[in-house]
Amino acid sequence: MPRKLVAGNWKMHGLSGDLAEASVLPAPPDVDILLCPPATLITRMVQAVEGIMVGAQDCHPSAKGAHTGDLSAAMLHDAGASYVILGHSERRTDHGETDALVRAKTEAAWSENLIAIVCIGETEAQYKTGGTLDVLRGQLARSLPDSAPAERLVIAYEPVWAIGTGLVPTAAEIAAAHQEIRTWLANSFGTETAEGIRLLYGGSVKPSNAAGIFAVPNVDGALVGGASLTAADFGPIIKALAVA
Ligand code: PGA
């Protein structure tokens, strides 16, 4: 069994004063805790907070070059990041990111020893037409490199319609999606590798629903957006995972 992981995605939120929220989080021993602040805060968060890992929210696929405003995996690693979120639906929507680009970014992240959290998930329209599992299989096939080291890969299942909406799939739906992802990983990379890859659920995870989500088979943790911004919300989610 891989170690449980709860990751907070601060998105475009957070100034220096907000680091105080990270410094008062609980740190139970059996749970890996990760915060992904804006890149501007990575180094200061690493310096300010003990017992919490710090990650980035995106990286460029190239090692260096003329790419104004972008950050390479090496720069993020140098700043103190140990993880990077890739292919988040907001990147796919706001910046037109494709599965092929996510794959290239995953390779770039691995080349700098970052752990990649690859995000997949169906849109509302795909959900309503029963296409969820097909969508997930396709995204996995196109977004992941041909081989994957289990300790460097995390998959986040984030239904697009559940992100920031307060809507959450049923436990049975999350179970079916995570089972499908685990099976796909086993068929592609072997059973042992598949069992070592952590599968996170993401989309409107709150203190009120975290325990129920963590009880679902094949859910190894969560990727949390809005509720990761304050210790008052993120703390109870961390504690719920610790006892799951
Ligand atoms: P949310 O975001 O928890 O605010 O729904 C999740 C995410 O986008 O990772």
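All of the points below concern the structure found in this document.

About the thresholds
Residues numbered from 1 in each chain as written. Predicted model: local features only at pLDDT ≥ 70, side-chain atom pairs only at ≥ 80, totals over all residues. Heavy atoms only, no water. Helix = DSSP H or I, 4+ residues; strand = E, 2+ residues; numbered from the N terminus. Rg over C-alpha atoms; globule rule 2.2 N^0.38 Å. Buried < 20%, exposed > 50% of the residue type's maximum accessible area, 1.4 Å probe, protein only. Contact = heavy atoms within 4.5 Å. Areas by Shrake-Rupley, 256 points an atom, 1.4 Å probe, with all protein chains shown as cover. Lys, Arg positive; Asp, Glu negative; His and termini not counted. Charge placed at Lys NZ, Arg CZ, Asp CG, Glu CD. Core = buried A, V, L, I, M, F, W, Y, C linked by side-chain atoms within 4.5 Å. Near = heavy atom within 4 Å. Polar contact = N/O pair within 3.5 Å; in protein donor to acceptor, adjacent residues only side chain to side chain. Nonpolar A, V, L, I, M, F, W, Y, C, P; charged D, E, K, R; others polar. Salt bridge = Lys/Arg side-chain N within 4 Å of Asp/Glu carboxyl O. Phe/Tyr/Trp six-rings, centres within 6.5 Å; stacked < 30°, edge-to-face > 60°.

Regarding its fold elements, the chain presents eleven helices and eight strands. A compact globule built from 244 residues would reach a C-alpha radius of gyration of about 18 Å, and the chain, at 17 Å, matches this within 12%. With respect to the principal axes defined by its C-alpha atoms, the chain has extents near 45 × 45 × 35 Å. In the chain, buried positions account for 50% of the 244 residues. Within the chain, counting contacts between residues at least 6 apart in sequence, those at least 24 apart form 72% of the total. Summing over all exposed atoms, the chain offers an accessible surface of approximately 10,600 Å²; the carbon and sulfur share of this is 54%. Between the mean site of the 17 positive side-chain charges and the mean site of the 26 negative ones, the chain shows a separation of 1 Å.

Right, let's talk about the nonpolar core for a bit. Core analysis: the largest hydrophobic core is formed by 63 residues, its most contacted members being Val-6, Leu-144, Ile-155, Ile-181, Leu-185, Phe-234 and Ile-237. Residues contacting Leu-144, with those up to four places away along its chain left out, are Arg-103, Val-118, Leu-153, Ile-155, Trp-184, Leu-185 and Phe-189. In terms of nonpolar packing, the next biggest core, distinct from the first, is built from 13 residues, Leu-5, Ile-115, Ile-117 and Ala-156 among them.

With that settled, consider the site of the ligand. In the vicinity of the ligand, 13 residues are found, and the nearest of them are Lys-11, His-88, Glu-158, Gly-164 and Ser-204. At a separation of 2.8 Å, an oxygen atom of the ligand approaches a polar backbone atom of Gly-225. At a separation of 2.9 Å, an oxygen atom of the ligand approaches a polar backbone atom of Gly-226. Starting from 280 Å² of accessible surface for the ligand in isolation, the protein chains cover 97%. Of the residues that constitute the shell around the ligand, the class distribution is four nonpolar, seven polar and two charged.

With that out of the way, let us pick up the side chain of Asp-220. Summarising the element assignment, Asp-220 is placed in the loop between helix H10 (210-214) and strand E8 (221-224). One polar contact links Asp-220 to Arg-182, side chain to side chain, over a distance of 2.9 Å. Contacts of Asp-220, omitting those with residues within four sequence positions, involve Pro-2, Lys-4, Leu-5, Arg-182, Ile-197, Arg-198, Leu-199, Leu-200 and Leu-241.

Evaluation of the coordinates by the stated rule reveals 14 salt bridges. Measuring nitrogen to oxygen at the nearest pair gives 2.9 Å for the salt bridge that ties Glu-90 to Lys-11. One end of the pair, Glu-90, is in helix H4 (residues 89-95); the other, Lys-11, is in the loop between strand E1 (4-9) and helix H1 (19-23), and 79 residues separate them in sequence. Taking the shortest distance from any N to any O, the salt bridge between Asp-99 and Arg-92 comes out at 2.6 Å. For Asp-99, a relative accessible area of 11% puts it in the buried group. On the basis of relative accessible area, Arg-92 is assigned to the buried category, the value being 17%.

Geometrically, a pair of aromatic rings is defined through the distance of the ring centres and the angle of the planes. Per the stated rule, a full pass over the model turns up three aromatic pairs. Here Tyr-127 and Trp-161 contribute two aromatic rings whose centre-to-centre distance is 4.3 Å and whose plane-to-plane angle is 35°, an arrangement assigned as tilted. Of this pair, Tyr-127 sits in helix H6 (residues 124-128) while Trp-161 is found in the loop between strand E6 (153-157) and helix H8 (171-189), placing the two residues 34 residues apart along the sequence. Its relative accessible area of 29% is what places Tyr-127 among the partly exposed residues. Residue classification places Trp-161 among the buried positions, given a relative accessible area of 10%.

Limitation: the analysis is restricted to geometry and does not speak to function.
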